[in-house]
Each structure stands twice: as structure tokens, then as C-alpha cells.
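Summary of structural features
Residue strings, one per chain:
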Amino acid sequence: MKDRKAAYRALYEQSFVPIFVFDRMNTDVLLEGCRLAGIRWIEYTLRRQDANKVIPTLKERYPEFWFTVGSTLDSEKVVKKLSEKYPQLMTFQEIADTGADGFVSMLPMSSETI
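To keep things clear, this report deals only with the structure shown in the data block. Keep in mind it's a predicted model, so treat the numbers as computed, not measured. (Residues numbered from 1 in each chain as written. Predicted model: local features only at pLDDT ≥ 70, side-chain atom pairs only at ≥ 80, totals over all residues. Heavy atoms only, no water.)

Moving on to unusual backbone geometry. Of note, Ser-15 is a non-glycine position whose phi angle comes to about 75°, a positive value. Looking at where Ser-15 falls in the secondary structure, it is placed in the loop between helix H1 (4-14) and strand E1 (19-20). Given a relative accessible area of 63%, Ser-15 falls into the exposed group. Positive phi outside glycine occurs at Ser-71, with the angle close to 60°. With a relative accessible area of 25%, Ser-71 lands in the partly exposed category. (Helix = DSSP H or I, 4+ residues; strand = E, 2+ residues; numbered from the N terminus. Buried < 20%, exposed > 50% of the residue type's maximum accessible area, 1.4 Å probe, protein only.)

Following this line, the structure appears as C-alpha cells:
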């Protein structure tokens, strides 16, 4: 596992984070482009329809990357309900199990989560 100081340094040196959102771009092409460009920190959002399939494989396929998962929701109950319409959603536990280096949300977090 990479240490936090190395993660911070990589992010600082990179100066920006590509954010993978809902679009028609091929995920593998985007990830390979990031790798070839020397980008090592990305944010993969749950807005992408393939998120629940791609995120669990990111660490295995791109061990040199640090990644956060974006567009997260703080309620397992809400995630389970919305998953009927948006199957790519993941709970915090599912995200943690992927080895993600963090998460991003525009919504406030409960004190239990923090």
C-alpha cells in the first residue's frame, strides 16, 4: 500500500485530477491515456454507467494510480434504493473494499461516516 505522503506528493506534483464522469468515452482509452501522460491520480465517479464494474478492478489493472471515487452517497439505504435505477452506485463499504484511496461527495456526510 502506498503511503499518504507519497499520495499527497503525487497529487501536488500533478496539480489537477482528471474526473471521469458520464460520457461516451471508452474507459480503457481514457485510463491508458492518463497512464501514458504520467497522470497518477484520478477520480472515477459513480455517474459513469460502468463504475461498479471498473472501480473494483482499477487497483489491479493500474497499481501505479491513486484513485478516489466521486459522486458518493452517505446512506446505504439510499444507495440500495437508487441502485434499482442506477446500478453503478456503490456503498461506502463496497468502495472501501476496492482499495480506493478516498471518496468525494457534493453532499454532506453524517457524523457516523466522518
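Here we come to the nonpolar core. The biggest cluster of nonpolar side chains holds 23 residues, and the ones touching the most others in it are Ile-42, Leu-46, Ile-55 and Leu-58. Put simply, the parts of the chain that give this core at least two residues each are helix H2 (27-36), strand E2 (41-45), helix H3 (51-61), strand E3 (66-70) and helix H5 (92-97). Sort the elements by how many residues they give to this core and H3 lands first, with four residues. If near-sequence neighbours (up to four positions away) are discounted, Ile-55 is found in contact with Tyr-44, Leu-46, Phe-67, Val-69, Met-90 and Thr-98. (Core = buried A, V, L, I, M, F, W, Y, C linked by side-chain atoms within 4.5 Å. Contact = heavy atoms within 4.5 Å.)

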